[in-house]
Amino acid sequence: MSSILVEKARGTEHVDQRVDALLSRMSLEEKIGQMSLVNAGDSYIHDDLAQALRAGRVGGVLNEVDARIVNELQRIAVEESRLGIPLVIGRDVIHGFRTVMPIPLGQAATWNPDLVQQAARAAAREAAACGVNWTFAPMIDVCRDPRWGRIAESLGEDPCLASILGVAMLQGFQGPNLGRPDAVAACAKHFAGYGAVEGGRDYAAANVPENELRNVHLRPFKAAVDAGVATLMTSFSEVDGVPATANERLVRRILKDEWGFGGFVVSDWDSVRQLGIHGLTADDRESAREAVTAGVDMEMHGDAYAAHLPSLLRAGELDESLIDSAVRRILHVKFRLGLFENPYTKPDAFPPGAREESLAIAREAALQSIVLLRNEHRVLPLSREKLGSLAVIGPLADAPDEQLGTWVFDGDPGLSVTPLQAIHALVGEHVEVRYLRAMETCRSRDTRAFDEAAALAGRSDATVLFLGEEAILSGEAHCRADISLPGAQAELVARVRQAGKPVIAVILAGRPLTLANIADQVDAILYAWHPGTMGGPAIADLLFGIESPSGKLPVSFPRMVGQVPIYYSHKNTGKPPGPDSVVHIDDIDPKARQLSLGMTSFHLDAGYTPLFAFGHGLSYASFEYSSIRVSSGEIPRGQSFHVCADLRNTGEVRAEEVVQLYVRDLVGSVTRPVRELKAFRRVSLDPGEQVTVEFRLHTDDLAFYGRDMRLVVEPGEFHAWIGGSSEAGLRAAFRVVPPA
Ligand code: GLC
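The shown structure was predicted, so the numbers you read here are calculated from the model rather than taken from an experiment.

Peer 1: In this structure, what is going on with the overall build of the protein chain? I would like to understand it.
Peer 2: On a plain count of helices and strands, the protein chain comes out with 20 helices and 26 strands. Taking 740 residues into account, the globule formula puts the C-alpha radius of gyration at 27 Å, and the protein chain, at 27 Å, falls close to it. In terms of principal-axis extent, the alpha carbons of the protein chain reach across some 75 × 65 × 55 Å. Counting over 740 residues, the protein chain shows a buried share of 59%.

See the structure below:
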């Protein structure tokens, strides 16, 4: 065993010994105290909280970010309780702390693990300075339903992308060593299947059968566990009939037993007591029993554990070994965090330059997150030399709070640089920038300013429209059944279009919106998600060609909400649609016979393809793929192999392309998707430059869970594509064969 592994094993052994020694000294009340996570957050310590801390009845607090108060909470726990066990201090540091990064869905559009890791590292540094040592992130629910408000905090529709970026994010939070003062324990959430809530309605049932759960929704969590995530959080929703917070198959059998997860599991906010509301239990006492039995180690905000575990143990309805197991896990994380040696934060211990570094990362993340969806007649980039005047119109051009997005409890809008400010700063000396808000909010139906907007567009050389959703329209419990541009925005587009000048739409939103009703009315669309503190400079740099767009969609964009769920890695079905097997509702002959419209899987009024595909994103350069090849036509199971292709920048500017590798297993003991992302890489090329992009795989990367719920790699025919989106056409074939 290598010296590092020996050191690591010795370290774990040392921690185990310390945990066991401490556990042996703990009373039952003190043990159950460790299993209680209490809400603080008033910048004031209430007497009952102080008393509970002294009595050892609290394992952690959440939502306090005043460093002085946090240190005082820790001081009471450490110096005034019998055993002096320090607290975990939890907070939703989802995409930044004071400096706000793009929402996670936007970060996913960077397809850049290193950058995502840097963003999380910057957030951890800022949060740790306030005493936070545990964040409730990364959220790695695979989501294919843009009606769900929480798609904003997800990493999109694909298990591979969510796995790679989720691991990068947790590694950013936890840093190289969890014991460092600027490290923050991560919490992979929400375990599991939450992204599949019915109807895209938050907290609704997620009816996901185990095979789909394992092949799609559990993949990012397994990756997070393998990467050493310190904690997990259960989902509010039921999964296949049993709420996740009481789902023993999920939490104890798969997560803890099958995967060997060694950290601890926390419930979501009061989700233990909600088991009664679900109708799984009759009262809080039963809820406490169900949740502990399932393997939920800590109860977030709720007193079911504190109130009922002692009597459940006395009545023999629970064995104390379950309590010991939970407390052992919690203490293990606290020791790994170094809290017993150093429970206090020293705000001035953090480099003063951290803020500038955070802002630089926020700007780069915003830049790489923005996706150029459309660019007719190469209307972008705008030329500040040739442009005399620019109309900047819309409710999101100058909205420092809105550009931050959802889950920004601690974000500082005073740091925001808005698109309007950035455009002025970048080109104001050369171009006359004329701004009109035109709508009070994105949801406004007041069109009285639209004449003025149309006139302004008519008087200007080009117009940039800033449209989309305010931050409040996405995030937890903020789901929409109609995901088009809210209010009268589409009418504003139409009015501005009538002016007959170039129109560019920059859209800020927390989800894919249905854009079919405006896409053809604008010449270009930049999709900026909610780009965070530095969204303005990033948008301005892209509008004027200082940088080329490089973002790629982490989620499919439906033409209309009725197509949802629509995602690229769908199953083939027994009747797959094709371009010649579908007819549009407007083209149906009145005398058409019932069976004449093509009996395949499509919608008469929408077809079967998204408006914009997963992985799509244009550039100011153009890229040509050629010569895809596999290292061998026959690959023995258990072997590595590679797939490569040539890529040339046929454009006129240096730019980055996200090269994507997809694979299809044509025949499986359970059906396999028509394509699955297996690898990707950002490649930067000068005009005319050509490179060979090589992806190294192992046949294990082709594994899936079969009918017996075991991972399997089955011999047979495979296809591979390499390209700039999930619609890549450059294809190779190979076979996996049994080992010689
Ligand atoms: C919320 C969310 C969860 C969050 C927790 C603490 O309801 O579901 O993601 O971390 O409560 O704020």
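There is more to say after this.
Peer 1: Help me out: how do you make sense of the nonpolar core in this one?
Peer 2: In summary, soluble globular proteins display a tendency toward joint burial of nonpolar side chains. Residues Trp134, Phe191 and Leu309 are the most contacted members of the largest nonpolar core, which totals 105 residues. Setting aside chain neighbours within four positions, we find phenylalanine 191 in contact with Leu218, Phe221, Leu232, Met233, Thr234, Ser235, Ala244, Leu250, Val251, Leu255 and Trp259. Counting residues in each nonpolar core, the second largest holds 46 residues, with Cys143, Leu436, Leu492 and Ala509 among its members.

Peer 1: Where do I start with the packing of helix H6 (residues 113–128) against helix H7 (residues 159–174) in this structure?
Peer 2: When two helices pack together, their arrangement is given by the angle between their axes and by how far apart the axes lie. Where H6 meets H7, the axes come as close as 7 Å, and the angle between the chain directions of the two elements is 30°. By the angle class used here, H6 and H7 are roughly parallel. Crossing of H6 against H7: the hand is right-handed. Seen from H6, the contacting residues are Pro113, Val116, Gln117, Ala120, Arg121, Ala123 and Ala124; seen from H7, they are Ile164, Leu165, Ala168, Met169, Gln171, Gly172, Phe173 and Gln174. For the contact of H6 with H7, the class distribution of residues is ten nonpolar, four polar and one charged.

Peer 1: What's the story with the sheet that holds strand S18 (residues 634–636) in this structure? I'm lost.
Peer 2: With mixed pairing, five strands are arranged side by side in an open sheet as S18-S26-S25-S20-S21. The outermost strands of the open sheet, each flanked by one partner alone, are S18 and strand S21 (676–685). Adjacent strand axes in the sheet meet at a mean angle of 25° when their direction is disregarded. As paired strands, strand S25 (residues 716–723) and strand S26 (residues 731–737) are joined by six bridges and run antiparallel to one another. Bridged to glycine 716 within S26 is valine 736.

Peer 1: Just checking my understanding: could you explain the domain arrangement of the protein chain for this structure?
Peer 2: A common measure of how large an interface is: the accessible area buried when the components associate. Here the domain parsing of the protein chain yields domain 1 (361–543) and domain 2 (623–737). Here domain 1 and domain 2 have C-alpha centroids that lie 36 Å from each other.

Peer 1: What is the right way to read the pattern of salt bridges from this model?
Peer 2: Close approach of charged atoms allows side chains with opposite charge to pair. Per the counting criterion, the structure on display carries 48 salt bridges. Here the residues in one salt-bridge network are Arg54, Glu72, Arg75, Glu79 and Glu80, joined through shared partners.

Peer 1: Looking at this structure, how should I read the sheet that holds strand S19 (residues 640–649)?
Peer 2: Within a sheet, adjacent strands bond to each other through the backbone by hydrogen bonds, running parallel or antiparallel. Read across the sheet, three strands follow the order S17-S19-S22 without closing on themselves; strand pairing throughout is antiparallel. The outermost strands of the open sheet, each flanked by one partner alone, are strand S17 (623–630) and strand S22 (690–698). Strand-to-strand twist of the sheet, defined as the mean angle between neighbouring strand axes without regard to direction, takes the value 20°. Bridge count between S19 and S22: nine bridges; the pairing is antiparallel. Within the sheet, the bridge partner assigned to serine 640 lies in S22 and is histidine 698.

Peer 1: What exactly am I supposed to notice about the packing of aromatic side chains here?
Peer 2: For any pair of aromatic rings, the description consists of the separation of the ring centres together with the inter-plane angle of the planes. Inspection of every chain in the model, using the stated rule, returns 18 aromatic pairs. Pairing tryptophan 111 with phenylalanine 680 gives two aromatic rings, centres 5.2 Å apart and planes at 80°, and the pair type is edge-to-face. One end of the pair, tryptophan 111, is in the loop between helix H5 (104–108) and H6; the other, phenylalanine 680, is in strand S21, and 569 residues separate them in sequence. A relative accessible area of 1% places tryptophan 111 in the buried class. A residue is classified by how much of its surface remains accessible, and phenylalanine 680, at 12% relative accessible area, is buried. Ring geometry for tyrosine 203 and phenylalanine 236: centres 5.2 Å apart, planes at 90°, overall edge-to-face. Taken together, the positions of tyrosine 203 in the loop between strand S5 (187–191) and helix H8 (210–217) and phenylalanine 236 in the loop between strand S6 (231–234) and strand S7 (238–239) put the pair 33 residues apart, joining distant regions of the chain. Residue classification places phenylalanine 236 among the buried residues on the basis of a relative accessible area of 8%. Each residue in the set Trp111, Tyr568, Phe614, Tyr662 and Phe680 is aromatic and connected to the rest through ring pairs, giving one cluster. Directly above the ring of tryptophan 407 sits lysine 189, whose terminal nitrogen or CZ lies 5.4 Å from the centroid.

Conventions and cut-offs
- Note that residues are indexed from 1 along each chain, following the sequence as it is written.
- Whole-chain, interface and lining totals are the exception, using all residues; otherwise, since this is a predicted model, local features are given only for residues with pLDDT of at least 70 and side-chain atom pairs are given and counted only at 80 or more.
- With hydrogens and water stripped out, all remaining heavy atoms of the structure feed into the side-chain values.
- Note on conventions: DSSP H or I runs of at least 4 residues are helices, E runs of at least 2 residues are strands, and numbering of each starts at the N terminus.
- This radius of gyration counts C-alpha atoms alone. The globule rule is 2.2 Å times how many residues there are, raised to the power 0.38.
- Three exposure classes are used, based on accessible area relative to the maximum for each residue type with a 1.4 Å probe and protein chains only: buried under 20%, partly exposed in between, and exposed over 50%.
- To define a nonpolar core, start from buried Ala, Val, Leu, Ile, Met, Phe, Trp, Tyr and Cys residues and group those joined through side-chain atoms within 4.5 Å.
- Here, residues are in contact when the closest pair of their heavy atoms is within 4.5 Å.
- Axis definition: a line fitted to C-alpha atoms, limited for helices to the stretch in contact. Angles are taken between N-to-C directions and run from 0 to 180 degrees.
- In what follows, roughly perpendicular refers to angles from 65 to 115 degrees, roughly parallel to angles under 35, roughly antiparallel to angles over 145, and oblique to any angle outside these ranges.
- Crossing handedness is read from the near helix: turned anticlockwise from the far helix by less than a right angle, it gives a left-handed crossing, and turned clockwise, a right-handed one.
- Residues are grouped as follows: Ala, Val, Leu, Ile, Met, Phe, Trp, Tyr, Cys and Pro are nonpolar; Asp, Glu, Lys and Arg are charged; all remaining types, including Gly, are polar.
- Two strands are counted as paired when DSSP detects at least two bridges linking them.
- Throughout the structure description, domain borders are defined by an automatic or database domain assignment.
- Salt bridge, as used here, is a side-chain nitrogen of Lys or Arg placed within 4 Å of a carboxyl oxygen of Asp or Glu.
- Each Phe, Tyr or Trp ring (for Trp, its six-membered ring) is paired with any other whose centre lies within 6.5 Å, and the angle between the two planes then decides the class: stacked below 30 degrees, edge-to-face above 60, tilted in between.
- Note on geometry: a ring has a charge over it if NZ (lysine) or CZ (arginine) is within 6 Å of the ring centre and within 35 degrees of the ring normal.

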